[in-house]
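Fold and contact review
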Amino acid sequence: MKQNFLPIAIDISGEKILIVGGDQGALKKLKILQRFEAEVVVLAKSICQEIKRSGVKYFEKPYHKKELQGYLMVYSCVNNEEIDRQIATDCREAGILVNIHDKSALCQFISPAIYRSQNISVAVSSNGEDVFESIRIRNKISEFLTEKNHKN
Ligand SMILES: C[C@@]1(CC(=O)O)C2=NC(=C\c3[nH]c(c(CCC(=O)O)c3CC(=O)O)Cc3[nH]c(c(CC(=O)O)c3CCC(=O)O)/C=C3\N/C(=C\2)[C@@H](CCC(=O)O)[C@]3(C)CC(=O)O)/[C@H]1CCC(=O)O
Ligand SMILES: NC(=O)c1ccc[n+]([C@@H]2O[C@H](COP(=O)([O-])OP(=O)(O)OC[C@H]3O[C@@H](n4cnc5c(N)ncnc54)[C@H](O)[C@@H]3O)[C@@H](O)[C@H]2O)c1
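Cut-offs applied
- Residues numbered from 1 in each chain as written.
- Chains lettered and ligands numbered in written order.
- Predicted model: local features only at pLDDT ≥ 70, side-chain atom pairs only at ≥ 80, totals over all residues.
- Heavy atoms only, no water.
- Domains from an automatic or database assignment.
- Disulfide = S-S within 2.5 Å.
- Buried < 20%, exposed > 50% of the residue type's maximum accessible area, 1.4 Å probe, protein only.
- Near = heavy atom within 4 Å.
- Polar contact = N/O pair within 3.5 Å; in protein donor to acceptor, adjacent residues only side chain to side chain.
- Helix = DSSP H or I, 4+ residues; strand = E, 2+ residues; numbered from the N terminus.
- Pairing = 2+ DSSP bridges.
- Axes fitted to C-alpha atoms, helices over the stretch in contact; angles between N-to-C directions.
- Contact = heavy atoms within 4.5 Å.
- Right-handed = clockwise from strand over helix to strand, strands pointing away.
- Areas by Shrake-Rupley, 256 points an atom, 1.4 Å probe, with all protein chains shown as cover.

Points about the domain arrangement of the protein chain
- Domain parsing of the protein chain yields domain 1 (16-106) and domain 2 (113-151).
- One C-alpha centre belongs to domain 1, the other to domain 2; they are set 25 Å apart.

This is the structure in structure tokens:
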């Protein structure tokens, strides 16, 4: 069945969000989440210095499904097909929203390209089909809104 993603805006203030993985993919998701207020935790076998120095709470250990308890949503950035599939299955069983980095077929939610300025957020997604188009459109919207704000 073709996937069909509903765009929504979700209140994550005070919510626990888990990123599994501790390298560049995880860092990208972490930077996005740090623009919002949430209790983000990183869990990975090995975690890069930039993540360690970012101030986020982290655990350096392998993934196990018991680690999922209490999270609203999970991002998997382990860059490993087997673990990605395991995390996707475990989260669905536990009723936790799951994103698998760069693998829309395994995602329950995908990450849109975001423009954000104060209370205005614009999220662009392509139903997981063409992320570069999403980024291009987000950048156009960003240029348009920045120009408009300068004129006002
Ligand atoms: C918007 C953004 C948000 C975020 O990452 O949170 C995001 N990807 C971003 C960047 C980015 N992604 C990739 C590169 C190339 C460089 C690199 O390889 O690193 C760059 C550029 C970069 O990193 O600068 C590679 C890539 N990504 C996916 C695939 C697989 C495929 O397309 O099949 C491939 C391999 C494609 C290929 O090589 O052909 C898949 C997904 N990427 C998505 C979101 C979801 C779909 C959203 C939608 O519906 O449009 C989805 C389905 C799943 C997901 O949620 O991850 C973020 C922009 C951050 C920003 O600018 O704000
Ligand atoms: N994915 C990206 O967005 C991106 C961006 C720039 C560069 N790169 C490069 O592409 C490559 C891939 O980067 P990446 O971050 O996607 O993947 P990676 O393979 O570099 O990192 C995977 C992370 O997952 C962890 N991990 C793996 N198995 C695990 C398990 N069972 N339990 C817990 N943690 C586990 C590892 O310890 C590591 O921290 C790297 O060379 C990176 O420098 C990627």
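Now that the structure is up, let's keep going.
Regarding the state of the cysteines
- Applying the stated criterion across every chain, the model contains zero disulfides.
- Here Cys48 stays unpaired: no disulfide links it, and the sulfur of Cys77, its closest cysteine neighbor, is 11 Å away.
- Take Cys48: its relative accessible area is 17%, and that puts it in the buried class.
- Free cysteine: Cys91, not disulfide-bonded; nearest cysteine sulfur from Cys107 at 11 Å.

A few points about the site of ligand 1
- By nearness alone, 21 residues border ligand 1, and Lys28, Asn99, Ser126, Ser134 and Arg138 come closest of all.
- Asp102 places a side-chain nitrogen or oxygen 2.8 Å from a nitrogen atom of ligand 1.
- One of the side-chain nitrogen or oxygen atoms of Arg138 is found 2.7 Å away from an oxygen atom of ligand 1.
- Broken down by element, the residue count for the shell around ligand 1 peaks at five residues, all from helix α4 (residues 131-151).
- A domain-level breakdown of the shell around ligand 1 finds at least three residues from each of domain 1 (16-106) and domain 2 (113-151).

Topic: the sheet that holds strand β4 (residues 73-76)
- Reading across the sheet, the five strands line up as β3-β2-β1-β4-β5 and stay open at both edges, with parallel pairing between neighbours. The open sheet has two edge strands, β3 (57-60) and β5 (97-100), and neither has a second partner. Averaged over all adjacent pairs, the angle separating strand axes in this sheet is 15 degrees, with direction ignored.
- Where strand β2 (residues 39-44) and β3 come together, four bridges link them in parallel fashion. Its bridge partner lying in β3, Leu43 is registered against Phe59.
- Sheet strands in contact with helix α1 (residues 24-33) are β1 (16-20), β2, β4 and β5, and its direction is about 160 degrees off that of β1.
- Sitting on the sheet, helix α3 (residues 81-94) touches β1, β4 and β5, and the angle it makes with β5 is about 165 degrees.

Here we look at the pairing of β1
- Most of β1 sits inside the fold, with four of its five residues counted as buried.
- Sheet topology note: the β1/β2 ladder contains five bridges and is parallel. Note that in β2 the partner of Leu18 across the bridge is Val41.
- Crossover connection from β1 via α1 to parallel β2: handedness right-handed.
- Note that β1 and β4 share four bridges and pair parallel. Bridge pairing links Leu18 to Val74 in β4.

Thoughts on the environment of Val122
- For Val122, the position within the fold is in strand β7 (residues 120-124).
- Separated by 77 residues in sequence, Val122 and Lys45 have C-alpha atoms that sit 34 Å apart.
- In this view, Val122 contacts Ala113, Ile114, Tyr115, Ile141 and Leu145; residues no more than four positions away in its chain are not counted.

Thoughts on the site of ligand 2
- The environment of ligand 2 is formed by 17 residues, the closest being Gly22, Asp23, Gly25, Ser46 and Tyr63.
- One of the backbone N or O atoms of Lys45 is found 3.1 Å from a nitrogen atom in ligand 2.
- Contact with the protein chains covers 66% of the free accessible surface of ligand 2, which is 820 Å².
- When residues of the shell around ligand 2 are assigned to their parent elements, the largest contribution, three residues, is made by α1.

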